[in-house]
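Geometric and topological summary
The primary structure of each chain is shown beneath.
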Amino acid sequence: MKIAVLKETFPGERRVGLAPASVPLLVKAGVEVWIEAGAGNAAGMLDPQYTEKGAKIVGRSEAFAAECLLQIRSLGANPEAGRADLPSFRPGQIVIGMAEPLWNPAAAKDLAERGVTLFAMELIPRITRAQSMDVLSSMATVAGYRAVLVAATALGKMFPMMTTAAGTITPAKVFIVGAGVAGLQAIATARRLGAVVSAYDVRPAVKEQVQSLGAKFIEMALDTKSAEGAGGYAQEMDEDFYRRQRELMTRVLAENDVVITTAAVPGKKAPILITRPMVEGMAAGSVVVDMAERGGNCELTNPGETVIHGGVAILGPANLASDAAYHASQMYAKNMTTFLAHLLKDGAIQIDMNDEITRETLVTRDGQVVHPRVRAALGMEETATI
């Protein structure tokens, strides 16, 4: 079986779907590995590094001749530039990558109509045996780290306390909203830089994790019984909950120099947690780093840009994981090769619908959208007929 790694076409995307170190693992499994020329350049992984490990360097058109294609961003996660590749796909071809099928289900339908078998890596179930395949956790780890560095650069203060001949400099105060993987990594990074860190999450169960990293857990008088959904992800709440949450959070924001928001609900628009009046209550020079994609957690966020409002900088960095492309690619490659090892039997990908990992990640097959949640997002009956 031939597996090809495509060069990413999403604007500014520097990651690559497979690292050189992962090539021998696939070769040992009986797979021929092709790498599109220059696919890893932006991540610091050059073509000779791949060939040394047993891969073959090919052009883009030749790469599309492979039975299986690996990407960071497939069509759903690359809605504009990715559309140019649609005519190159052929029936029965397997595509594995991040596809955002719950947010952009129409793209999954387009791939199904081309006869593509699509596996969406962000749908890896949160079960013990799938932990080493969990790309969302891997990329969130990188993004949480990078968000703190972005904030530290934008803030006109230093993070650590310093005692100098010119006097004592007090440490910066950092508030993290959302204590999932990204939030916990942001807490750990801000602490390493010397900031005084506090955090909040609608899921009370994460309190001990926050405190174990040396941060203060901010508690709010809210009913959070239904705040945690399947797989430990935050559940979407009603507007009355978010309104009350914003009221309680206003005072906390005003006390901090940096606020980093990470709140996201899979397949949904990010909830607005910080409103214009809340930003206006913050001190001039403060910084908000909004990590949430699909709209952002701050009302004033403009994705990919920095907005200054009342002296407060609101940053909406896009694709933070790509900013640490080398290690992000290395982690993604580990997730990808583990997932492939799970699918590969006798040198070919075998689709076992009785297996939870396979079933939960398979989005399209035999010309149809087969994933129940993606079908529901398209307004289809939940069960496909194959």
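Before reading further, recall that the structure is shown in the block above.
Residues numbered from 1 in each chain as written. Predicted model: local features only at pLDDT ≥ 70, side-chain atom pairs only at ≥ 80, totals over all residues. Heavy atoms only, no water.

**Details of the pattern of salt bridges**
Considering all chains together, one arrives at 13 salt bridges under this definition. One salt bridge connects arginine 83 with aspartate 110, and the closest N-O pair in it is separated by 3.0 Å. Taken together, the positions of arginine 83 in the loop between β4 (68-73) and β5 (94-98) and aspartate 110 in helix α4 (residues 105-113) put the pair 27 residues apart, joining distant regions of the chain. With a relative accessible area of 37%, arginine 83 lands in the partly exposed category. Across the pair glutamate 255 and arginine 251 runs a salt bridge, and its minimum N-O distance is 3.1 Å. Overlapping salt bridges bring together Glu13, Arg15 and Arg73 as one network. (Salt bridge = Lys/Arg side-chain N within 4 Å of Asp/Glu carboxyl O. Helix = DSSP H or I, 4+ residues; strand = E, 2+ residues; numbered from the N terminus. Buried < 20%, exposed > 50% of the residue type's maximum accessible area, 1.4 Å probe, protein only.)

**Notes on the side chain of threonine 261**
On the secondary structure map, threonine 261 appears in strand β12 (residues 258-261). For threonine 261, a relative accessible area of 0% translates into the label buried. Setting aside anything within four residues of it in sequence, one finds threonine 261 in contact with Val177, Ile274, Val289, Asp290, Met291, Ala292 and Asn297. (Contact = heavy atoms within 4.5 Å.)

**Describing the side chain of asparagine 256**
Residue placement: asparagine 256 occurs in the loop between α8 (239-254) and β12. A distance of 2.8 Å separates the side chain of asparagine 256 from the backbone oxygen of valine 252, its partner in a polar contact. Ignoring anything within four residues of it in the chain, the contact list for asparagine 256 reads Lys173, Val174, Phe175, Ser198, Met282 and Ser286. (Polar contact = N/O pair within 3.5 Å; in protein donor to acceptor, adjacent residues only side chain to side chain.)

**Remarks on the layout of surface pockets**
Roughly 180 Å³ of internal volume is contained in the second largest pocket. What lines the second largest pocket is Lys173, Val196, Val197, Ser198, Lys216, Ile218, Arg251, Val252, Glu255 and Asn256. Listing elements by their share of the lining of the second largest pocket, those giving two or more residues are β10 (196-200) and α8. Of all the elements, β10 adds the most residues to the lining of the second largest pocket, at 3 residues. Broken down by class, the residue content of the lining of the second largest pocket amounts to 4 nonpolar, 2 polar and 4 charged. (1 Å grid on protein atoms, 1.4 Å probe; cavity = no way out; pocket = protein on both sides within 12 Å on 5 of 7 lines; lining within 4 Å. Points joined across faces, edges and corners; volume = space filled by probe spheres on them. Nonpolar A, V, L, I, M, F, W, Y, C, P; charged D, E, K, R; others polar.)

**As for the packing of aromatic side chains**
Under the defined criterion, the tally for this structure stands at 2 aromatic pairs. A centroid spacing of 5.5 Å and a plane angle of 70° characterise the contact between phenylalanine 64 and phenylalanine 89, whose relative ring orientation is edge-to-face. Of this pair, phenylalanine 64 sits in the loop between α3 (60-63) and β4 while phenylalanine 89 is found in the loop between β4 and β5, placing the two residues 25 residues apart along the sequence. Accessibility assignment for this pair places phenylalanine 64 and phenylalanine 89 in one class, buried. For the cation-ring pair, arginine 73 lies above phenylalanine 10, with the distance from its terminal atom to the ring centre recorded as 3.9 Å. (Phe/Tyr/Trp six-rings, centres within 6.5 Å; stacked < 30°, edge-to-face > 60°. Lys NZ or Arg CZ within 6 Å of the ring centre and 35° of its normal.)

**Describing the sheet that holds strand β15 (residues 312-315)**
Working definition: the strands of a sheet are paired by backbone hydrogen bonds and lie parallel or antiparallel to each other. Pairing in this open sheet of 7 strands is mixed, and the strands run β11-β10-β9-β12-β13-β15-β14 from one edge to the other. The open sheet terminates on both sides in strands that have one partner only, identified here as β11 (216-217) and β14 (306-309). Looking at chain direction, β14 and β15 are connected through 4 bridges and run antiparallel. Bridging across to β15, histidine 309 finds its partner in valine 312. Helix α5 (residues 135-154) rests against β12, β13 (287-290) and β15 of the sheet, and its axis sits at about 155° to β13. Along the sheet face, α8 touches β9 (173-177), β10 and β12 and points at about 170° away from the line of β9. (Pairing = 2+ DSSP bridges. Axes fitted to C-alpha atoms, helices over the stretch in contact; angles between N-to-C directions.)

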